[in-house]
Amino acid sequence: MSEKDSKEKQFSRRDFLKTTGVATGGIIGGSLLGGAVGMNFNSVMPGQEEDAAQTGESAGNAAETPGRVFFVNDADFETISHAMERIFPEDDLGPGAIKLGVPYFLDMQLAGAYGNNTKEYMQAPFYEAEETQGYQSRLTRAQFFTLGIKALNTESQNAFDGVFTEIEDEQKDEIITKFQKGDADLGIPAAAGKPQDFFTLLRSATIEGAYADPLYRGNRGMEGWKMKQFPGHQHAYIQQIDTDDFQDIAPQSLYGGK
């Protein structure tokens, strides 16, 4: 390996983004993104221009509700959307997970290599993971999220006599906290997956969707970056390199959007 290749390997794009402080808790859009490469990321899905014209809706508004590729059940999509919103809620600083399009980010990821664990060894023997190992399930992430969504509704029904989308925000927080603490029931043996693993995957996906490039269908309008004053993927900083003052730079996406 040449010295140049060695340096490039040591300092990856993920390392750069982590050092910028873009994401709270040091989690940034990287681990999920590989599964989406090669798929169609047009902000308006095929056919939506025609549908928008027939209904009098602009293409821009149609992009607010792009087509789904993994979640075929509206109730499941609404459940995971509400859970993500409680992890990244809207406040006076900016939009929450739903307005940022984070559920659609997860939808695309679960339909690809991330959701199918394409790059991971998934054969027996299987052993119960240690607490420090995190997600080590024999189930794919797509299967794990499907079980997690069902468990969210079951826990909600048992505790508050309503599905997750119908209960109050404070009650939703209680349910999610049960998963975080490992007190929820996924309905599977511990060796196949733990509730705290579902919480960890859900939290990571939410934060990554909020701060990933809009190319991946989250961070809608680059509002996540704007809240962090992150400039995105600029072609150059030659105009700012000689100044000591803070520069407020409009963010730039990989596909050129602003």
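Below or above, wherever it landed, is the structure these notes cover. Just so it is clear, the structure is predicted and the values come from calculations on it, not from any experiment. (Residues numbered from 1 in each chain as written. Predicted model: local features only at pLDDT ≥ 70, side-chain atom pairs only at ≥ 80, totals over all residues. Heavy atoms only, no water.)

## Side note on the nonpolar core
- Core analysis: the biggest nonpolar cluster contains 35 residues, and Ile80, Leu106, Phe145, Phe179 and Phe198 have the highest contact counts within it.
- Of the residues forming this core, the biggest block, 8 residues, is contributed by helix H10 (residues 195-211).
- When residues no more than four places from it in sequence are discounted, the contact partners of Phe198 are Ile80, Phe144, Phe145, Gly148, Ile149, Leu152 and Phe179. (Core = buried A, V, L, I, M, F, W, Y, C linked by side-chain atoms within 4.5 Å. Buried < 20%, exposed > 50% of the residue type's maximum accessible area, 1.4 Å probe, protein only. Helix = DSSP H or I, 4+ residues; strand = E, 2+ residues; numbered from the N terminus. Contact = heavy atoms within 4.5 Å.)

## Looking at the side chain of Thr140
- Here Thr140 shows up in the loop between helix H7 (113-116) and helix H8 (141-160).
- Residues in contact with Thr140, not counting those within four places in the same chain, are Gly115, Asn116, Asn117, Met122 and Tyr135.

## Concerning helix H5 (residues 74-87)
- Look at H5: 20 Å from first C-alpha to last across 14 residues, which is about the 20 Å you get at 1.5 Å a residue.
- Along H5, the residues classified as buried are Phe77, Thr79, Ile80, Ser81, His82, Ala83, Met84 and Glu85.
- Elements in contact with the buried residues of H5: helix H6 (102-110), H8, helix H9 (169-181) and H10.
- Capping the start of H5, Asn73 holds a side-chain oxygen 2.7 Å from the backbone nitrogen of Ala75, two or three residues further along. (Expected span 1.5 Å × (residues − 1). Polar contact = N/O pair within 3.5 Å; in protein donor to acceptor, adjacent residues only side chain to side chain.)

## Looking at the packing of aromatic side chains
- If you walk through the whole model with that rule in mind, you get 8 aromatic pairs.
- Ring centres of Phe88 and Tyr211 lie 5.9 Å apart, and the angle between their planes is 75 degrees; on these two criteria the pair is classed as edge-to-face. With a gap of 123 residues between them, Phe88 in the loop between H5 and H6 and Tyr211 in helix H10 connect regions that are remote in the sequence.
- For Phe88, a relative accessible area of 13% corresponds to the buried category. (Phe/Tyr/Trp six-rings, centres within 6.5 Å; stacked < 30°, edge-to-face > 60°.)

## A short note on the packing of H5 against H8
- Axis separation between H5 and H8 bottoms out at 10 Å; the angle between their running directions is 80 degrees. By the criterion of interaxial angle, the relationship of H5 to H8 is roughly perpendicular. Counted together, Asp76, Thr79, Ile80 and Ala83 of H5 and Phe145, Ile149, Leu152 and Asn153 of H8 form the full contact between these two elements.
- Within the contact of H5 with H8, the residues separate by chemical class into 5 nonpolar, 2 polar and 1 charged. (Axes fitted to C-alpha atoms, helices over the stretch in contact; angles between N-to-C directions. Parallel < 35°, antiparallel > 145°, perpendicular 65-115°, else oblique. Nonpolar A, V, L, I, M, F, W, Y, C, P; charged D, E, K, R; others polar.)

## As for the side chain of Arg141
- Structurally, Arg141 is set in helix H8.
- Exposure remark for Arg141: the relative accessible area of 11% places this residue in the buried category.
- When neighbours within four sequence positions are excluded, Arg141 is seen to be in contact with Leu110, Tyr114, Gly115, Asn117, Glu120, Tyr135 and Leu201.

## Examining the packing of H5 against H6
- Following both chains from N to C, one finds H5 and H6 inclined at 125 degrees, their axes separated by 9 Å at the closest point. Classified by the angle their axes make, H5 and H6 are oblique. Crossing of H5 over H6 shows right-handed handedness. Where H5 approaches H6, its residues Phe77, Ile80, Ser81 and Met84 are matched on the opposing element by Val102, Pro103, Tyr104, Leu106 and Asp107.
- Counted by class, the contact of H5 with H6 contains 7 nonpolar, 1 polar and 1 charged residues. (Left-handed = near helix turned anticlockwise from the far one by under 90°.)

## What to know about the pattern of salt bridges
- Applying the stated criterion across every chain, the model contains 9 salt bridges.
- For the salt bridge of Arg141 with Glu120, the shortest nitrogen-to-oxygen distance reads 2.8 Å. In this pair, Arg141 sits in helix H8 while Glu120 sits in the loop between H7 and H8, placing the two residues 21 residues apart along the sequence.
- Notably, a salt bridge pairs Asp169 with Lys172, separated by 3.7 Å at the nearest N-O pair. Placement of both Asp169 and Lys172 in helix H9 is noted, with a separation of 3 residues, approximately one turn of the helix.
- Among the residues examined, Asp169 registers a relative accessible area of 35% and is labelled partly exposed.
- Each member of the salt-bridge network shares a partner with another, and the members are Arg86, Asp169, Lys172 and Asp173. (Salt bridge = Lys/Arg side-chain N within 4 Å of Asp/Glu carboxyl O.)

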